[in-house]
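Listed here are the chains, written in short residue letters.
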Amino acid sequence: GGQLLGVSTAHAQTIRSIAVEGNRRVEDDTVRSYISLQPGQAYSEAGASESIRTLFNTGLFSDVRLTMRGSTLVVNVEENPIINIVSFEGNEKFKDDVLTSEIESQPRSVLTRAKIQNDTQRVLQLYRRAGRFDATVEPKVIDLPDNRVNVVFEVQEGRKTSVSRINFIGNKAFSDSALRDVISTSEKNWLSWLKTSDIYDPERLDADQELLRTHYMKNGYADFQVVSAVAELDRERNAFFITITVDEGPLYRFGNVDVEAYVPDVDPQSLRGEILTKSGAVYNAELVDKTLEQMTLELAKSGYAFAQVRPRGDRDYSAQTISLTYVVEEGARAYVERINIRGNTRTLDRVIRREFDFAEGDAYNVVLLDRAKRRLEALRYFKTVNITREPGSAPDRIVINVEVEEQPTGELSLGGGYSTSDGFLADVSITERNLLGRGQQLRVAGAMGERTQSVDVSFTEPYFLGRRLAAGIDGFYRYREYDDNSTYESKTVGGGLRLGFQLTENLSMITRYRLYQNEITIEHPLDDGNLCYPVSTNADGTINYNAGCTLPGDQDPTRAYYNPEASIALKLAEGRRLYSVIGYDLVYSDLDSMARPTRGFYGKFSNDIAGLGGDAEWVKAEIEGRYYHPIHNQIVGMLKLRGGVIEGWGDDDVLITDTFFGTSNLVRGFGNSGWGPRDLTPGGQRDAIGGTVYAAATAEVQFPIPFVPSDLGFRGALFADAGVLTRPGFTGNPTTGLPGGAGYLLECEGINADGSGVVPAAATGCYVDDASIRASVGVSVLWDSPFGPLRADVGYAVLKEDYDDEQVFRFGAGKQF
Amino acid sequence: CSGFGGKSEFANIQEDPADQLYNEGLALISSGSYNEAVKKFEEVDRIHPYSEWARRSLLMATYANYEGGNYTDAIASGRRYVTLYPGSEDAAYAQYLVAESYYQELSDVGRDQQRAERASAAYREILEKYPNSEYAVQAREKLDVARDQLAGKEMEVGRYYLGKRQYLAAINRFRTVVTDYQTTRHVEEALLRLTESYYALGIVQEAQTAAAVLGYNYPDSQWYRDAHTLLQKGGYEPEENKKSWISRAFSSSGSLL
Amino acid sequence: CESFTRTTKHGYILSQTALDQVPVGSSQEQVRFALGTPSTTATFGNEVWYYISQTSETTAFLAPKIVDQRVLAIYFDDAGIVENIANYGLEDGQVVDFIGRTTPTTGAEVTLLRQIFSSAVGEVVD
């Protein structure tokens, strides 16, 4: 509403005094203090209008009039009423306090017509956003004595209108359902109570159009346009029908790709290495942007801080190719004058400043600025990171203002889980990612389960010695009970130091030293102290006993002629041992996302040497390579190769508990340590005894499950695993063997009909180690449930040995298994 | 707005007289329950917006918020008092409470100094608007402390860049302290850091001048002794190059003290 | 792709051609036009302009090593005419181990307890 600007024409008379009329709450001299015309001055038009403006700015008055009465300046004001109580009627979806916090008019504040109109709009906007399009909001102002008012907003919420159908017209390259997965607005379905994306929100529909554009531009449709996006409301069925008409345009491929440089002594050919957009490949706008960034970074590195790279594409409509020239030009020579950091009430200034590759006084480069912003956001210390530029004290100076809004960085996460190998598991972990605002991380985690207990404490300083060097110290306690075949427990207590650094953008290395003590204890059900071993089995199957072995009276000789509690190899590993291990991991990853990769390669090589002191002396090397490739619209293929070897050195042998076991993780369809070399001593526990060399391969195809909307997070997968494990660790040697008796495993010379092994003459037991390939095929279901990632695998072993343990179903929930 | 008038269900709420509510507020303050007191004073302000009690209640609400430690509310109600009653004799006190609220929550120099900036602005407003009020003296002292914080922040960032041997960035930060914060305690260290930075860069002449000015103004400060020993190691003496900007910075504005 | 050593340029980007346009005797405006605003100058009197540039190399996690450091100092006489131009190189730099002591300041250090509370309640800054 317009305020009345009543300035009566008065000739330039000097003002003797100022009278204030019409004010109730605001005092006279308060009004006088805002008047720029003072007694003794001459009345002036400018002074009057300025005073009126300042008085209005205080927001206290609905009307101001300045008139001259004789030599007195009369200031006639009408105060805005004071709001006594604000209340809402008819609102269920949004409670009163939610609405009150949304509007400007508050009790004891001044009421203005503009505020009321804004508040009404804001409440309506809230209801529209919640899908109530036929909601109405009526503001009522009730007068009270003393120029006070009560404000009541009468609300009719109406019914929820959701989107019942989304249709696409003109899309040939991608199906309607594929495009529905691209946009965020979705159709009403049986899970609507769980989600809000099925509500018609014009802003979200605009954002969807941008999502469609980026999607098409990434897949070769450079001329893509959204012709129209129309939402019709069907009043009776209270639902929206959205129709999006698109014009895909032709599929373009890259023509020839070239670099031109207009910056003195920059050699264009040197930048060719950065080009990701290969000629002949399908046009991809995202790769063009990435190439620009890489080139600018490369130029900045070699001193051309002000060089800018701009793409110039020219389309060849007939050949449907776009030939691209990356043009390198001299940008404006500007330097950073100051980097102001604000909003960091908890994070230290240097923790933010160190993420900038440039210092104050350096050349201004927008690509380095974006990189700093991405790095700051990756810290997850801040809700928002807002970097703005201001001109500095000189034309070629720029001031950078970094405004951060902090968020709690402590995380208390409770997890539950079940896995067929470990049974039920509950875990709790407390992580503080920004300890005392110093950018350090502290994590304490504990887990309790049927067969495992563990406690882990780790502290990390990401900028050790002020460099990008992540130094960490860890402590751990792990208890694990194995009872697949023989029952034994492994308890590990220890600590370690680690140092991690980034070698290149994608290659990182972690060096570590670990000192821990491991104790293997085997349950001795018989605990008869009397260790008897068969010397050998004769051709006719009869067994020669160890001469010195005396059997207690009532023992059944056929059962007691071996040590039943566990494989001899396992008994050799019993006891407490100190391990002092130094090692490193080398990790290369250019995956497009860690959580759910669809493209890229991940490689890890780790190497450990035990023997700087301690009781174990071995060298272990393991390698893992995973390659992801999108096959077709959201179907992703994955190839995984893994391998490892462990060799003893010095005089200690590699105990089987330090070697690799045939886990269901390596080849599905088998139980944990379900495949690989196994102790087949007649009548023994048939324990798996692992191997010092393994290799495994997996081929998997992940796809969205048809008919199930993708935003529920379900995905399916078909997989084929194969693996081999061979050459077991220490299985005793003729002279030592077990305490109190000879114990020595040799490879069985064949397998008897009952599945037990034929023990060679010189040994007291035998194991089988046919390095045959185990393989399985199967199907899995993955679900990114609100409680964490779940995965169920059904694997059927196709290539197996009859002494292997199979396990068709495998299920892992909660933490990453 | 559309439709004045309408239901009058609010009219008949029984409302206590202003002075009774005000005194209840005062009692609550003396018994230390500040939040309750604030509620009482807000009642007065709401029911009797035109009374003298309303003005006093707004002031007491600011005081109660401040004593109760909820500084954000104290700042809000203090600011409203100063806008509504700029002329009243308590306006200085209200403005002072606003400044003190910022002052209480000064964060250390490693972090955002917005509160120090707002505190110094608020104290400066007291010195400008109410120069002869009884709070002017305290305001000046607290202003120096707030400015000292701001200088401390400049030094912190300067030392960060010096640690990373980014001498240019460091010099400019220490310069800001020497030129804009001459009256704070940090100027001595700033001069020493400038000596170190210029010396590391190899511009010995500037290093000598910085050390000389430090010695001239703070002859017995430990910072000067450090600067002196640093230069002597290289066989140099702190002697003032009249033309250097640092001596100019001090000579034109008279000596620091 | 990136080799293990990254070179980064800091401060002023010096170009020889621009330097040749400001011989002794040229005015401050000519210098400002040719070289741009100086990295740092005299606060009063404007009689010394410094253009400071530095190149450092960082290999993987090792500390950055300054491989080149140049200071171009342009001295003006009282009339603002270039009187002398000096060039300092890396070799002029001295090794300085900086004093550890700092001037004490006030303000509440963030303690662990305060962080837990504030992160739970969310710090509100006016």
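Reading the values: the criteria
- Residues numbered from 1 in each chain as written.
- Chains lettered and ligands numbered in written order.
- Predicted model: local features only at pLDDT ≥ 70, side-chain atom pairs only at ≥ 80, totals over all residues.
- Heavy atoms only, no water.
- Helix = DSSP H or I, 4+ residues; strand = E, 2+ residues; numbered from the N terminus.
- Contact = heavy atoms within 4.5 Å.
- Areas by Shrake-Rupley, 256 points an atom, 1.4 Å probe, with all protein chains shown as cover.
- Buried < 20%, exposed > 50% of the residue type's maximum accessible area, 1.4 Å probe, protein only.
- Arc of directions from axis to C-beta.
- Buried area = accessible area lost by both parts, 1.4 Å probe.
- Salt bridge = Lys/Arg side-chain N within 4 Å of Asp/Glu carboxyl O.
- Polar contact = N/O pair within 3.5 Å; in protein donor to acceptor, adjacent residues only side chain to side chain.
- Pairing = 2+ DSSP bridges.
- Axes fitted to C-alpha atoms, helices over the stretch in contact; angles between N-to-C directions.
- pLDDT = per-residue confidence, 0-100.
- Disulfide = S-S within 2.5 Å.

## What to know about the overall build of chain C
Move 1: The secondary structure content of chain C amounts to three helices and five strands.
Move 2: Reading the secondary structure of chain C in the N-to-C direction produces β-α-α-β-β-β-β-α.
Move 3: Put simply, 39% of the contacts in chain C that link residues at least 6 apart link residues at least 24 apart.
Move 4: As displayed, chain C offers around 6,700 Å² of accessible surface, 59% of which is attributable to carbon and sulfur atoms.

## Describing the overall build of chain B
Move 1: A tally of regular secondary structure across chain B gives twelve helices and zero strands.
Move 2: Reading the helices (α) and strands (β) of chain B from amino to carboxyl end gives α-α-α-α-α-α-α-α-α-α-α-α.
Move 3: Per-residue burial for chain B yields a buried fraction of 59% across its 257 residues.
Move 4: Nonlocal contacts in chain B, meaning residues at least 24 apart in sequence, comprise 58% of its contacts between residues at least 6 apart.
Move 5: Entry remark: accessible area of chain B is about 10,100 Å², with carbon and sulfur atoms responsible for 50%.

## A look at helix H2 (residues 28-35) of chain C
Residue and element names in this part refer to chain C.
Move 1: What H2 keeps buried is the set Gln28, Val31 and Leu35. On an axial view of H2, the arc spanned by its buried residues comes to 60 degrees, and they lie on one face. Turned more than 90 degrees from where H2 packs its buried face, Glu29 and Phe33 sit exposed.
Move 2: As for H2, its buried residues are in contact with helix H1 (16-20), strand S3 (48-59), strand S4 (65-76) and strand S5 (82-88).
Move 3: Looking one or two residues past H2, Gly36 carries a phi angle of roughly 90 degrees, positive in sign.

## Concerning the interface of chain C and chain B
Interfaces are frequently sized by the accessible area removed from exposure as the parts join.
Move 1: Contact with chain C, which involves 44 residues of that partner, is made by 50 residues of chain B.
Move 2: At the boundary of chain C with chain B, total buried surface from both sides reaches about 4,000 Å², with 52% on carbon and sulfur atoms.
Move 3: For the salt bridge of Arg101 of chain C with Asp226 of chain B, the shortest nitrogen-to-oxygen distance reads 2.8 Å.
Move 4: At the boundary of chain C and chain B, one finds 15 residue pairs in polar contact (both at pLDDT 80 or more).

## Examining the sheet that holds strand S5 (residues 82-89) of chain A
Residue and element names in this part refer to chain A.
Move 1: Across the sheet, which stays open at both edges, the three strands sit in the order S5-S7-S6 with mixed pairing between neighbours. Each edge of the open sheet carries a strand with a single partner, namely S5 and strand S6 (136-144). Taking the axes of each pair of neighbouring strands and ignoring which way they run, one obtains an average angle of 20 degrees across the sheet.
Move 2: Note that S6 and strand S7 (residues 148-156) share nine bridges and pair antiparallel. Across the sheet, Glu138 pairs through a bridge with Glu154, a residue of S7.
Move 3: On the sheet, helix H4 (residues 113-129) packs against S5, S6 and S7 and is oriented at approximately 145 degrees with respect to S6.

## Considerations on the environment of Pro597 of chain A
Residues and elements named next belong to chain A.
Move 1: Position of Pro597 among the secondary structure elements: in the loop between strand S26 (575-589) and strand S27 (600-610).
Move 2: Taking relative accessible area as the criterion, Pro597 reaches 10% and is therefore assigned buried.
Move 3: Between the C-alpha atoms of Pro597 and Pro630, which are 33 residues apart in sequence, the distance is 9.5 Å.

## Description of the side chain of Asn284 of chain A
Residue and element names in this part refer to chain A.
Move 1: Turning to its location among the elements, Asn284 is positioned in the loop between strand S11 (253-261) and helix H7 (285-301).
Move 2: Taking relative accessible area as the criterion, Asn284 reaches 11% and is therefore assigned buried.
Move 3: Apart from residues lying up to four places away in sequence, Asn284 is in contact with Met217, Lys218 and Phe254.

## Quick word on the confidence of the model for chain C
Residues and elements named next belong to chain C.
Move 1: Averaged over every residue, the pLDDT of chain C is 77; residues scoring 70 or more account for 78%.
Move 2: Put simply, helix H3 (residues 112-121) is where chain C has its lowest mean pLDDT, 53, and S4 is where it has its highest, 89.
Move 3: Low pLDDT, under 50, characterises residues 119-126; the stretch is placed with 17 contacts to residues that sit more than four places away or in other chains.
Move 4: In the model output, the complex is listed with pTM 0.74 alongside ipTM 0.83.

## Here's the deal with the state of the cysteines
All names here are of chain A.
Move 1: Overall, the coordinates contain one disulfide over all chains when judged by the stated rule.
Move 2: Two residues share a disulfide in this structure: Cys748 and Cys766, whose sulfurs sit 2.0 Å from each other. One disulfide, between Cys748 and Cys766, carries an S-S torsion of 90 degrees and so falls in the right-handed class. Here Cys766 lies in strand S34 (residues 765-768) and Cys748 lies in the loop between strand S33 (745-747) and S34, a separation of 18 residues in the sequence.
Move 3: Of the residues examined, Cys748 reaches a relative accessible area of 15% and is grouped as buried.

## Re the sheet that holds strand S10 (residues 239-247) of chain A
Two pairing modes exist for strands in a sheet, parallel and antiparallel, and in both the strands are linked by backbone hydrogen bonds.
Residue and element names in this part refer to chain A.
Move 1: What the three strands build is an open sheet, ordered S8-S10-S9; its pairing is mixed. Pairing within the sheet leaves two strands with one partner each, and these edge strands are strand S8 (162-169) and strand S9 (225-234). When the angles between neighbouring strand axes are averaged without regard to direction, this sheet yields 15 degrees.
Move 2: Relative to S10, S8 runs parallel, the two being bridged by seven bridges. Following the sheet pairing, Val163 is matched in S10 by Phe240.

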